[in-house]
Amino acid sequence: MKWRAMPADFPPWDRVYAFFRRWRDHALVREFHDRLRGRVREESGRDAEPTAGVIDSQSVKADAVVGADSRGFDGGKLINGRKRHVVVDTLGLLLGVMVTAADIGDRAAAKVLLERVTDAHHRLELVWADGGYTGSLVKHCLAALALVLAIVKRSEAMRGFVVLPKRWIVERLFAHLMRSRRLVRDFERSTSSAEAMIYWSMTMIMPRRLARSRSARG
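Everything quoted here is computed from the prediction, not taken from an experiment. Throughout this document, residue positions are counted from 1 along each chain, in the order its sequence is written. The model is predicted, so local features are restricted to residues of pLDDT at least 70 and side-chain atom pairs to those at 80 or more, both for listing and for counting; the totals for chains, interfaces and linings are taken over all residues. Working from all heavy atoms in the structure, the side-chain values ignore hydrogens and water.

## Digging into the environment of F73
Moving on, step 1. Take F73: it is sitting in strand β2 (residues 72-74).
Moving on, step 2. The partly exposed category is assigned to F73, whose relative accessible area is 46%.
Moving on, step 3. Once residues within four sequence positions are removed from consideration, F73 is found in contact with L78, I79, N80, A102 and D103. A run of H or I in DSSP counts as a helix once it spans at least four residues, and a run of E counts as a strand once it spans at least two, with each numbered from the N terminus. We call a residue buried when its accessible area falls under 20% of the maximum for its residue type, exposed when it is over 50%, and partly exposed in between, using a 1.4 Å probe and counting protein chains only. The criterion used for residue contact is that any of the two residues' heavy atoms lie within 4.5 Å.

What follows is the structure in structure tokens.
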């Protein structure tokens, strides 16, 4: 979807984009999201700040507007585009996201992303990850971030689709992103806009999470 293709009942596209750009550049989209996330956690009987999370990545195709400086080829997924690296809490709520070219390795991106996430969430002490995050990253997290990176591996004896402990939580977030027409592929010229769109998408679903929590409490 192009900015110029805004629905007719919206304000002029350039005015809407100006607000988005201002909110993106001043990290307001993330701030709105983070405030709501704290409310959802508290309404669910949790502390506002998490102590555990899950990390994973998702490669998506990039639109033609995405330049060569921020796109790459993921040989494992056979995708030419970008990669979304995310950390979620145990409720599946977003703690941090970083968008890179698709050829950036998970461990290299995780080293940067986990540092950002632990800076913002000082109580975080455990993060689950898949086998792609093994190696020196585990020791680095413990030594530099005081963070336990627990690897949840798929057994060689497993056949077909199997729901793995904890890893399904972050996969649910990816499934939500792929239901969004704007996020089914990467249409953003800059990675900062791509990250802001992910925060905005997750912000939109949290009022429903709040309503369900309140309804469950009667």
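Further notes follow.
## Structural notes on the nonpolar core
Moving on, step 1. Judged by nonpolar contacts, the single largest core of 26 residues is most densely connected at V86, L94, V97, L173, L177 and I198.
Moving on, step 2. Considering every element that reaches this core, the biggest residue donor is helix α6 (residues 191-216), with 7 residues.
Moving on, step 3. L177 has contacts with Q58, R84, L183, V184, I198, S201 and M202, leaving out every residue within four places of it along the chain.
Moving on, step 4. Counting residues in hydrophobic clusters, the runner-up holds 18 residues, among them I55, V117, A129 and L149. Residues belong to one nonpolar core when they are buried, are Ala, Val, Leu, Ile, Met, Phe, Trp, Tyr or Cys, and are joined through side-chain atoms within 4.5 Å.

## Digging into a nonpolar patch on the surface
Moving on, step 1. Within this analysis, patches are made of residues with over 30% relative accessible area and no salt bridge. Like charges are joined at 9 Å or less; nonpolar side chains (Val, Leu, Ile, Met, Phe, Trp, Tyr) at 5 Å or less. For the area figures, the Shrake-Rupley method with a 1.4 Å probe applies, and any residue is considered shielded solely by the protein chains shown. A side-chain nitrogen of Lys or Arg and a carboxyl oxygen of Asp or Glu constitute a salt bridge if their distance falls within 4 Å. On the surface, F32, W200 and M204 cluster together into a nonpolar patch covering about 270 Å² of accessible area.
Moving on, step 2. Turning to its location among the elements, M204 is positioned in helix α6.

## Looking at unusual backbone geometry
Moving on, step 1. The phi dihedral of A27 is positive, around 60 degrees, even though this residue is not glycine.
Moving on, step 2. Here A27 lies in the loop between α1 (13-25) and α2 (28-43).
Moving on, step 3. Unlike most non-glycine residues, A146 shows phi in positive territory, near 55 degrees.
Moving on, step 4. Its location among the elements puts A146 in the loop between α4 (136-145) and β6 (148-151).
Moving on, step 5. Given a relative accessible area of 57%, A146 falls into the exposed group.

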